[in-house]
Amino acid sequence: MEGQRQTMMGNQAITQGALEAGVRVAAGYPGTPSSEIIQNLAGAADEHGLYVEWSINEKVSLEVAAAASLAGLRSLCAMKQNGVNVASDFLLHLAGSGIRAGMVLVHCDDPGALSSVNEGESRHFARMLELPLLEPSDFQEAKDMTKWAFELSEEISNVVMLRSVTRLSHASGGVVPGTIPQAQGKAHFDHHGTLLDKGHGPVSSSPVVYKHRLQQEKLKRAVELFEDSPFNSYTGPEAPELLVITSSICNLYVKEALALLDASGRVGVLKLGTTWPLPPKLLQHNLGRCGQVLVVEEVIPFLEENVKIAAAEMAGEIGAKRFFGKRDGTIPAQGELNPDIVLGALADILNLPYQARPPEYDLLAQEAAPQATQDRDLAFCPGCPHRASFWSLKGALALDARDGFICGDIGCYSLAMRPTGYGMLKTLLAMGSGAGMASGFGQLGRFGMDQPVMAVSGDSTFYHAVIPALINAVHQKSPMSLVVLDNSGTAMTGFQPHPGTEANALGQPVPPVDIEAICRSLGAEVTVCDPFDLEATQAAALALLADQSTAKVLILRQLCALSPQRKGTKPYDVQVDPEKCLGDQCGCNRLCTRVFGCPGLAWEKQSGKARIDEVICAGCGVCASVCPQGAIIKSERA
Amino acid sequence: MATAKLIHDPYNLIITGVGGQGNVLASRMLGNVLTSQGLWVTIGETFGASQRGGSVMSHLRVSADGSWSPQIPAGKAHMVLALEPLEALRVLVKYGNPGAKAIVNDRPILPVAAIAGKTDYPSTEELEGTLARLTAQRWSIPATERAMELGASIFANIIMIGALAATGDLPVSREGFEAELLRALGPAKVATNLEAFDLGAAMVRR
Amino acid sequence: MITRGPRQLLAEVQQPGLCIGCGSCVELCPYFRSHGGKTVMLHDCDLPEGRCHAWCPKTELDLEGLAQELWDAPYSAQGMGPHLAVVAAKAGPRLEAGSYQAGGTVSALVCAALEQGLVQGAILTGGRGLDTAPTLAQTPEEVTACAGSKFTAAPTLAALNQAQAQGCGPLAVVATPCQSAALAQRRAKPWPQRGAAGPAELVIGLFCNWSLDPQGLARFLAQRVELASIRSMDIPPPPAGVLQVETTDGSLEIPLDEIRDLIPPACAMCPDMTSEWADLSVGMYEGRPGWNTLVVRNEKARTLTEAAVEAGWLVVEEFPVANKEHLVHAAQGKRSRGLGAALAQGLLGVSGEDQPKALRVSPELYQAVESGEVA
């Protein structure tokens, strides 16, 4: 469909750009909002002769991509914002040593933490590690910029960082696709030159000062290219009242806000696609247009600070400016932006009145608001094994009665910090940090701490970052227990394979690395249970709590309800026998609907009985084990 | 290609529902049908965590010239396509205006807090009354019920698209949709989905 | 009759440390469970009233109200509760020798009640040493397997609830005074609409001065012996003043003074030494090893005792007046100490008043406690 405009998701546009650039190798670790990039490239691998993998973590994925670049193949690496933290140690050294064939690191930030437990800014790595940074501002640019990033990377012999955000990666818009070239070139790693020869010698950031100087010289070349880049553009009057400097998807928010305010005649917009290092001449020309500047970006004032530094350096030429942005609170420095926030800031600065709709309607909406305010708290899916797992862990910790607690980790099961998982998680930080912190809590018995501690981890998270923490706990004799919630895939991000699965990103058979065998080989005692067997799971968890002499592992293995194997299948027909249902009487008090809380259950107020909502029920049958009356009946489906 | 004329530009459509109802697929199919008319479509959506029983919205901006913000500004929805009644209300409170229209699937999905008895889901009468006050035109249709008769609740999406097409607000033709079904789902699934589309259309035309 | 719900049960009993883990609230519903001697609430229940609270021996134990309801007589601060007779008793020839500790009277009575068809089973405390568990016994062999003194309270009534839920028919319970009080609550406050859980057909009470916190005792003993090696424990009659622990490696004597801290605070406010709410009560016979004291409290108990003697399960003899006076004195002593302690902790109230109380007595008795006349 070359040449004809299509509506593409941002991540698809990035994929298309990489394919048009002739990318040969791609690697990444799943993380919203970045996951579709590697997924799409994997889908295109056969047709275009690519190697694509889901690596064990972001650092390894960057190493895999770097190897390809050093062997002369264009490569791409994709991850979410905090993945860059994981990869950053390698990235620091790679930036120092430089690369050969074009290599692009696509990092997708999540302003507002729509699918994250942080809204970390990965843009700062570009400045910190002295790498060029590109930020596409719409869908077409996402494609075009990705393609150009490979050329830039080769021009400066270094990694180019391309930053997307959720509202671009996961939004869709018009893109005209170009030509995808034939795959060509043999991979070969040239290592016969001297250490000083970046193109042909061994690869290292040493000698450090020498290579650092080379890196900085190349970065200056990038700045030269940025001065004339079509990805930086100005629209508006020659001498506006206010100059808006913006980047990324915020550009569309500015466009919208100016349209709604009908203020395009008063405001100029400098949209920057090359946001680090900033091109000084371009900046000087545009800052010279007026005395007031508003910087619109997400999340913390990265662009704003860099513009201010540049403005200070050229103060003699452009004079003093009045800056609006995050530093002065005109725009919040936390959470995502939207057209309304930008509109509010512009209306304030320009002193323009704005009313989105008539006040009478606002009044009606206010009256209706109380009905609409009840939030839908996120819940484990119907049939989710995590609900059953946390039900049993909750029971075990209650019976143990020593105020024990669970350190959480990153995945669907992070939701167990909320009511859907009975508020069971008491820490929730970074990938792998549940086990690491439990290892630390376990050492505090010597200071009088008498609470038992458990950690949970998903299967993908286990490989990503839990293994070192578990080794630490075993070796340091920390009395903690690790519960691996093994639902056989990277469920949260859409079922990507991981080292425990039998097929890789390309669908080819690969040897699964067994979690149980890893744990045993480390010297940890291991129990395996089906979390749908509530009684056995609670007993196994209680046993872990009773003897905390060493680090132990409980693997709770059951397929995700959305897994390709289970989705759409319903193992049981589940029904409530209203004769037996006790409802809210003493002896039950709505255990299934009020406490267990699966969305597949419903409470009939009139009759005072529970009911199964067959549209939602996934037929796992766990609620039948929860019902104290045997009133929930599951029967195997024919 | 001649671009279809729009009654508003950009035309702002919000498809809303609850995680797992399939409105992401619905918004993409609709987007593709409109793109094939030469229109620019920008779709903003959230998924990931919101798949897990949360409120899910897709914002569709349809325009004759260029991309728009993937987030519709407050008070600027022209049409709300709601797979769940409470979600229709939630969207109208923020994005509604005196000219807003809504097509609402009448089947509630209780929030977990309501299942747990911690909150009350508004009664049908309350909801209907409020939705009427907040819209210029409104269709309440039993999309899930009809979908179950067709064999799966997921067809409710297609019924809703059929209903939207029948309002005539956007250039979504039966033929255009059929082509998209063929492209997106393959020939085996076209007939039933087209039946769902016709069911939805009939409910609005009636 | 005042009944509240599970949240109040937690606030009034669990949190102040008054729960003695009798199991009365356990297994009635999915919320309360017993583990390691502790009763715990697994999930929050917000009902305004429930059987858990109604039947707990540490909430609203209205001595006066229960006496009127169950005995048709006022609650007396004197003596050892209502009784028809006090006799010396021991197991008869039908019970296999060597299969019981002390006099074997409890085992003998249970066997007789099973044989008579008075009950279909009995809830006893089985296990050895520290590892005790309530058990349903339905044959003489199962009964004698549970024989032997235990010094930690077990969630006996949880087993009653389970057995009743399984439809076991009329049951006997061998109960400590607090468990007897819980069973009296059931007799006085039936919830007929909630299935099988309810009163026991026959309550064989035990004499008790106090029990020991199971987890505390386990930690205490673990520092002295291998817990798994403990075969049995006994507290011989005064003046020994020791807890004898028999292990596979020999025996160990622990002065009682060393374990007094392990007595749950709830025991201090218990006014009952002889299980006065039971149908019959059995205790040791000081100065006569191999015999028990048996208090026959009502007609049902008298019929059972006579049948047990006739069938050769039980042997009875006259109980000396001097010993009975000594027993009455000891029972009164515990009652006055218990009521005094309850008063001091603000847990004693007058029947019919509104504020939540653990124990209630008639206005007259309350005044007597307050003025120190009972003590």
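None of the values given here were measured: they were computed from a predicted structure.

1. Some thoughts on the interface of chain A and chain C
Then step 1. Of the residues lining the interface, 19 residues belong to chain A; the matching set on chain C comes to 18 residues.
Then step 2. Of the roughly 1,500 Å² buried where chain A meets chain C, counting both sides, 62% is carbon and sulfur surface.
Then step 3. Taken together, chain A and chain C are joined by one salt bridge.
Then step 4. Across the salt bridge formed by Arg594 of chain A and Asp46 of chain C, the nearest N and O atoms sit 3.9 Å from each other.
Then step 5. At the level of secondary structure, the elements contributing two or more residues to the side of chain A that touches chain C comprise α15 (385-400) and α20 (591-596) of chain A.
Then step 6. When residues in the side of chain A that touches chain C are grouped by element, the largest group, six residues, is from α15 of chain A.

2. Digging into the interface of chain B and chain A
Then step 1. With 66 residues of chain B in contact, the opposing surface of chain A contributes 64 residues.
Then step 2. Interface area, chain B with chain A, both sides summed: about 5,300 Å², of which 54% is carbon and sulfur.
Then step 3. Between Glu84 of chain B and Arg376 of chain A there is a salt bridge; the shortest N-O distance is 3.0 Å.
Then step 4. Where chain B touches chain A, the interface holds 24 residue pairs in polar contact (both at pLDDT 80 or more).
Then step 5. Mapped by element, the contributors of at least two residues to the side of chain B that touches chain A are α1 (23-35), β2 (40-45), β3 (55-63), α2 (85-95), α3 (112-115), α4 (124-134) and α5 (143-150) of chain B.

3. A look at the packing of helix α16 (residues 433-441) of chain A against helix α17 (residues 459-475) of chain A
Residue and element names in this part refer to chain A.
Then step 1. At a minimum axis separation of 8 Å, α16 and α17 run at an interaxial angle of 15°. If you check the angle between α16 and α17, you find them roughly parallel. Of the two elements, α16 crosses α17, and the hand of that crossing is left-handed. For the pair α16 and α17, contact is made by Ala435, Gly436 and Ser439 and by Val466, Ala469, Asn472 and Ala473, respectively.
Then step 2. A breakdown of the residues in the contact of α16 with α17 according to their chemical character gives four nonpolar, three polar and no charged.

4. Looking at the pattern of salt bridges
Then step 1. Enumeration according to the criterion identifies 54 salt bridges over all chains in this entry.
Then step 2. Asp198 of chain B serves as the salt-bridge partner of Arg174 of chain B, at 2.7 Å between the closest nitrogen and oxygen. Here Arg174 of chain B, found in helix α7 (residues 174-185), pairs with Asp198 of chain B, found in helix α8 (residues 190-205); they are 24 residues apart in sequence, far enough to count as distant.
Then step 3. By relative accessible area, Asp198 of chain B is classed as partly exposed at 28%.
Then step 4. Across the pair Arg33 of chain C and Glu27 of chain C runs a salt bridge whose closest N-O atoms are separated by 3.8 Å.
Then step 5. Classification of Glu27 of chain C by relative accessible area gives partly exposed; the value is 27%.
Then step 6. Taken together, the shared-partner salt bridges in this structure form one network comprising Asp109, Glu121, Arg123, Glu135, Arg163 and Glu297 of chain A.

5. As for the pairing of strand β19 (residues 525-529) of chain A
Residues in a regular strand project their side chains so that they alternate between the two faces of the sheet.
Then step 1. Pairing analysis gives five bridges linking β19 of chain A to strand β20 (residues 552-557) of chain A, with the strands arranged parallel. Residue pairing across strands places Thr527 of chain A opposite Leu554 of chain A, the latter belonging to β20 of chain A.

6. Some remarks on the sheet that holds strand β14 (residues 322-324) of chain A
For sheets, the rule is that strands pair by backbone hydrogen bonds, running either parallel or antiparallel.
All names here are of chain A.
Then step 1. An order of β9-β11-β10-β13-β14 is seen for the five strands of this open sheet, with the pairing classed as mixed. The open sheet has two edge strands, β9 (233-235) and β14, and neither has a second partner. The average undirected angle you get between the axes of adjacent strands in this sheet is 20°.
Then step 2. In the sheet, strand β10 (residues 242-247) pairs with strand β11 (residues 267-272) via six bridges, with the strands oriented parallel. Note on β11: the bridge partner recorded for Ser247 is Leu272.
Then step 3. Helix α10 (residues 280-287) contacts β9, β10, β11 and β13 (292-296) of the sheet and is inclined by roughly 170° relative to β11.

7. Details of the domain arrangement of chain A
A common way to express how large an interface is: the accessible area buried when the components associate.
Then step 1. Structurally, chain A comprises domain 1 (6-181 + 196-227), domain 2 (233-350), domain 3 (385-557) and domain 4 (572-636).
Then step 2. A separation of 47 Å is found between the C-alpha centroids of domain 2 of chain A and domain 3 of chain A.

8. Topic: unusual backbone geometry
Then step 1. Geometrically, the link from Trp276 of chain A to Pro277 of chain A is a cis peptide bond, its omega value of -10° lying close to zero.
Then step 2. Along the chain, Asp9 of chain B connects to Pro10 of chain B via a cis peptide bond; the corresponding omega equals 0°.
Then step 3. Here Pro10 of chain B lies in the segment before β1 (11-18).
Then step 4. Phi is positive for Ala113 of chain A, which is not a glycine, with a value near 50°.
Then step 5. Assignment of secondary structure puts Ala113 of chain A in the loop between β5 (103-109) and α5 (123-129).
Then step 6. In this structure Ala113 of chain A comes out as partly exposed when scored by relative accessible area, which is 26%.
Then step 7. Positive phi values are uncommon outside glycine, yet Lys477 of chain A reaches one of about 55°.
Then step 8. With respect to the helices and strands, the residue Lys477 of chain A is situated in the loop between α17 and β18 (480-486).
Then step 9. By relative accessible area, Lys477 of chain A is classed as exposed at 62%.

9. Re helix α11 (residues 299-310) of chain C
Residues and elements named next belong to chain C.
Then step 1. Between the first and last C-alpha of α11 there are 16 Å, a value that for twelve residues agrees with the 16 Å anticipated at 1.5 Å per step.
Then step 2. Every buried residue belonging to α11 is among Ala301, Leu304, Thr305, Ala307 and Ala308, and all of these are buried. When α11 is viewed along its axis, its buried side chains cluster within an angular range of 165° and face the same direction. Turned more than 90 degrees from where α11 packs its buried face, Glu306 and Glu310 sit exposed.
Then step 3. On its buried face, α11 is in contact with α4 (105-116), β8 (202-206), β12 (280-284), β13 (292-296) and β14 (314-318).
Then step 4. Just beyond α11, the residue with positive phi is Gly312, at close to 85°.

10. Some remarks on the nonpolar core
Then step 1. One finds Phe390, Ile406, Met454, Val456, Phe596 and Ile632 of chain A together with Phe32 of chain C to be the most contacted residues of the largest nonpolar core, which totals 119 residues.
Then step 2. For this core, the element with the most residues is α15 of chain A, which contributes eight residues.
Then step 3. If we ignore the near neighbours within four places in the chain, the residues touching Phe596 of chain A are Arg387, Trp391, Tyr422, Leu591, Leu601, Val622, Cys623 and Val626 of chain A.

Cut-offs applied
Residues numbered from 1 in each chain as written. Chains lettered and ligands numbered in written order. Predicted model: local features only at pLDDT ≥ 70, side-chain atom pairs only at ≥ 80, totals over all residues. Heavy atoms only, no water. Contact = heavy atoms within 4.5 Å. Buried area = accessible area lost by both parts, 1.4 Å probe. Salt bridge = Lys/Arg side-chain N within 4 Å of Asp/Glu carboxyl O. Helix = DSSP H or I, 4+ residues; strand = E, 2+ residues; numbered from the N terminus. Polar contact = N/O pair within 3.5 Å; in protein donor to acceptor, adjacent residues only side chain to side chain. Axes fitted to C-alpha atoms, helices over the stretch in contact; angles between N-to-C directions. Parallel < 35°, antiparallel > 145°, perpendicular 65-115°, else oblique. Left-handed = near helix turned anticlockwise from the far one by under 90°. Nonpolar A, V, L, I, M, F, W, Y, C, P; charged D, E, K, R; others polar. Buried < 20%, exposed > 50% of the residue type's maximum accessible area, 1.4 Å probe, protein only. Pairing = 2+ DSSP bridges. Domains from an automatic or database assignment. Expected span 1.5 Å × (residues − 1). Arc of directions from axis to C-beta. Core = buried A, V, L, I, M, F, W, Y, C linked by side-chain atoms within 4.5 Å.

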